[in-house]
Amino acid sequence: VGRAMGKLQSKTSFHTSKYRADGSVEETGPVRAVQQHGPAHTDAVTSVAALKPDLCVSGGRDKSVAVCSWRSGAELWRFTGHAREVTKVTSALDSNRVFSASRDKTVMMWELHGTSGPSQCFPGHDLVVTGLAVSPDASQLCTGSRDNTVCKWDTETGECLGRAAISRNLVTHLCWVPGEPYVIQTSEDKTIRIWDSRELQVAHTFPAKQHIQMCCDVSPDGRYCLSSSSGSNGEGGEATLWDLRQTRNQVREYKGHFQTTTSCVFLPRGPALAPSIATSSYDSTVKVWDRDTGGRG
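Residues numbered from 1 in each chain as written. Predicted model: local features only at pLDDT ≥ 70, side-chain atom pairs only at ≥ 80, totals over all residues. Heavy atoms only, no water.

## A look at the pattern of salt bridges
As a working rule, side chains carrying opposite charge can pair if their charged atoms are close by.
Turning to step 1, where the next piece is worked out: If you walk through the whole model with that rule in mind, you get 15 salt bridges.
Turning to step 2, where the next piece is worked out: The residue Arg163 makes a salt bridge to Asp126 at a minimum N-O spacing of 3.6 Å. A residue pair is termed long-range when its members are at least 10 positions apart, and Arg163 in strand 16 (residues 160-165) and Asp126 in the loop between strand 12 (120-122) and strand 13 (129-134) qualify at 37 residues.
Turning to step 3, where the next piece is worked out: Overall, the relative accessible area of 48% leaves Asp126 in the partly exposed class.
Turning to step 4, where the next piece is worked out: Measuring nitrogen to oxygen at the nearest pair gives 3.3 Å for the salt bridge that ties Lys209 to Glu238. Of this pair, Lys209 sits in the loop between strand 20 (201-205) and strand 21 (213-218) while Glu238 is found in the loop between strand 24 (235-236) and strand 25 (239-243), placing the two residues 29 residues apart along the sequence. Both residues of the pair, Lys209 and Glu238, belong to the buried class.
Turning to step 5, where the next piece is worked out: Shared partners join several salt bridges into a network, and the residues in it are Lys209, Glu238, Glu253 and Lys255. (Salt bridge = Lys/Arg side-chain N within 4 Å of Asp/Glu carboxyl O. Helix = DSSP H or I, 4+ residues; strand = E, 2+ residues; numbered from the N terminus. Buried < 20%, exposed > 50% of the residue type's maximum accessible area, 1.4 Å probe, protein only.)

Listed below in structure tokens is the structure:
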């Protein structure tokens, strides 16, 4: 993405499945799986999220938010209003509302069929906003920041419904547990917390890891969460699977990256596929893992 994307390019891949944004998996033979379209932003792309089965939303250092078709590469909406770079974007899947966080200390809500300006603004953090999670019905929003706070907002009114501060809790990422009032949060203090969004209180804290926790994701069934670690020179950089429903313990680690693992995600499961996860790293690789064995695909 970003400036590196010029003309439409395609590279041959011999993977036998295509993962789609709606969670479906198409079984195929050898496919031309990697497509690159013209630039969506004029500077680095900082965040990408699925919006609808054929749409994705992205944010960039150019301070803008773009909604594009990943099939054609066509830009459908462009939103501007942030004063500094966009750090995170998210949306409730199949919603017409897009949310963006920024270094300007605010979060903004955009309507796909509204004006180019924000339909709601959520100011209140004292430093860059680094975590962003929306409830499945898009009625509430949780945000986190390097100011050590997590906030809850009413998306209709923009009202701050709660604010919680924990010393040294520099938030790196947030994600909402499907069908539950819980939000998972990773932090520079090396911990993963489960927040109960109803009272905005910590319901559980997993044992601290050895390195900064960069990112988190929750499985579609809400049973597991993933976190990924910072690292360098082969130390750290692992992803970790955690049990959310029974033991609330660490289940497995996925080791193989040589630098910081910046992102981790549960992949949609196809009829003939084992449950899988994917990780990306500063070591220039993306790895796909068997969720239950830790083996790499």
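Still to come is the rest of the account.
## Overview of the UniProt feature "repeat: WD" (unreviewed entry) in the protein chain
Turning to step 1, where the next piece is worked out: Here, UniProt's "repeat: WD" (unreviewed entry) annotation points to residues 79-112, 122-163, 171-205 and 254-297.
Turning to step 2, where the next piece is worked out: Helix and strand shares over residues 79-112 are 0% and 53% respectively, and the end C-alpha atoms of the span are 9 Å apart.
Turning to step 3, where the next piece is worked out: For residues 171-205, the helix share is 0%, the strand share is 63%, and the end-to-end C-alpha distance is 14 Å. (UniProt positions renumbered as here; feature names shortened; annotations may be inferred.)

## A closer look at the side chain of Asp283
Turning to step 1, where the next piece is worked out: One can find Asp283 in the loop between strand 28 (276-281) and strand 29 (286-290).
Turning to step 2, where the next piece is worked out: The side chain of Asp283 sits in the buried core without any salt bridge; Lys287 is the nearest counter-charge, 5.3 Å away.
Turning to step 3, where the next piece is worked out: Sequence-distant contacts of Asp283, defined by excluding residues within four places in its chain, comprise His257, Phe258 and Gln259. (Lys, Arg positive; Asp, Glu negative; His and termini not counted. Contact = heavy atoms within 4.5 Å.)

## Considerations on the packing of aromatic side chains
Turning to step 1, where the next piece is worked out: Scanning the entire structure with this criterion turns up four aromatic pairs.
Turning to step 2, where the next piece is worked out: When the centroid spacing of 5.6 Å and the interplanar angle of 65 degrees are considered together, the rings of Phe122 and Trp153 count as edge-to-face. In this pair, Phe122 is assigned in strand 12 and Trp153 in strand 15 (residues 149-154), connecting sequence segments 31 residues apart.
Turning to step 3, where the next piece is worked out: Residue classification places Phe122 among the buried positions, given a relative accessible area of 1%. (Phe/Tyr/Trp six-rings, centres within 6.5 Å; stacked < 30°, edge-to-face > 60°.)

## Focus on the environment of Arg291
Turning to step 1, where the next piece is worked out: Relative to the helices and strands, Arg291 is located in the segment after strand 29.
Turning to step 2, where the next piece is worked out: The buried category is assigned to Arg291, whose relative accessible area is 13%.
Turning to step 3, where the next piece is worked out: Each residue touching Arg291, except ones within four places of it in the same chain, is listed here: Tyr224, Leu241, Arg252, Tyr254, Phe266, Pro275, Ser276 and Ile277.

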